[in-house]
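Residue-level listing of the chains:
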Amino acid sequence: MKIVSIFAENLYAFHYTDERNNEFTRLMELWTDLNYLRSFAKINDIIDVKKFVNDILSDAEDIDDFLYHLHENIESFGTYFEPLQLSEYTKVLSFQKGKIKRNQLRLYAIKIDKNCFVITGGAIKMSQTMQDHTDTNTELKKLRAAKVFLESKGVSDADSFYEIIL
């Protein structure tokens with residue numbers, strides 16, 4: 001497992017050993033894969049598959065555009081990521097979810113500092129709580145494992161984070 005830069009010094013992503021791409025790239029490819037989206041819709045009993053697929057394609061493009069906009073305009077990625085729960089606001093290495101209004105896609109990340117995040121994974125939101133759907137429950141486990149990994153490397157702030165990725 002390694003950590004790669006998506007947008008220098010602000011947004012990173014885990015690249016898990018068993019995956020071809022880092023999590024950001026993997027998810028963007030998955031969320032724009034028509035065969036995957038159709039299969040996902042059928043498995044999850046989506047009635048209007050065509051609408052679902054078109055919505056997810058649009059949602060993926062919106063996220064990509066929004067993150068590029070933040071980077072190009074030197075705005076905080078904290079405008080995209082927010083704590084999973086209110087109790088996460090003050091925690092070191094807090095769990096974050098990236099979301100845009102009326103968008104079914106979620107990127108999950110660990111907050112390193114006020115404008116530094118590491119993406120651990122993501123999912124198509126199909127339930128109110130993460131525990132209620134297999135995909136989001138898996139992402140919650142990945143968040144926890146990523147936090148343990150970062151803590152085991154001594155990460156407690158941006159400086160200690162940058163030391164492990166250099």
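So, here's what we can say about the structure. Just so it is clear, the model here is predicted, and its values are computed rather than measured. (Residues numbered from 1 in each chain as written. Predicted model: local features only at pLDDT ≥ 70, side-chain atom pairs only at ≥ 80, totals over all residues. Heavy atoms only, no water.)

## Some details on the sheet that holds strand S5 (residues 105–113)
Step number 1: If you trace the six strands from one edge of the open sheet to the other, you get S1-S2-S6-S5-S4-S3, paired in mixed fashion. For this open sheet the edge positions go to strand S1 (2–7) and strand S3 (81–83), each flanked by a neighbour on one side alone. The mean angle between the axes of side-by-side strands here comes to 40°, regardless of whether they run parallel or antiparallel.
Step number 2: Where S5 lies against strand S6 (residues 116–124), eight bridges are found, and the strand directions are antiparallel. Note on S6: the bridge partner recorded for Leu105 is Ile124.
Step number 3: Running over the sheet, helix H4 (residues 134–152) touches S1, strand S2 (11–15), strand S4 (94–98), S5 and S6 and is turned about 160° from S6. (Pairing = 2+ DSSP bridges. Helix = DSSP H or I, 4+ residues; strand = E, 2+ residues; numbered from the N terminus. Axes fitted to C-alpha atoms, helices over the stretch in contact; angles between N-to-C directions. Contact = heavy atoms within 4.5 Å.)

## With respect to the pattern of salt bridges
Step number 1: For the structure on display, the rule yields seven salt bridges.
Step number 2: Between Arg26 and Glu23 there is a salt bridge, with its nearest N and O atoms 2.8 Å apart. Of the two residues, Arg26 and Glu23 both sit in helix H1 (residues 23–30), three residues apart, roughly one turn of that helix.
Step number 3: Two residues, Asp55 and Lys51, come together in a salt bridge whose shortest N-O distance is 2.7 Å. Linking Asp55 with Lys51, this pair stays in helix H3 (residues 49–72), spanning four residues, or about one helical turn.
Step number 4: On the basis of relative accessible area, Lys51 is assigned to the partly exposed category, the value being 46%.
Step number 5: Via salt bridges that share partners, Glu23, Arg26, Glu139 and Lys142 belong to a single interconnected network. (Salt bridge = Lys/Arg side-chain N within 4 Å of Asp/Glu carboxyl O. Buried < 20%, exposed > 50% of the residue type's maximum accessible area, 1.4 Å probe, protein only.)

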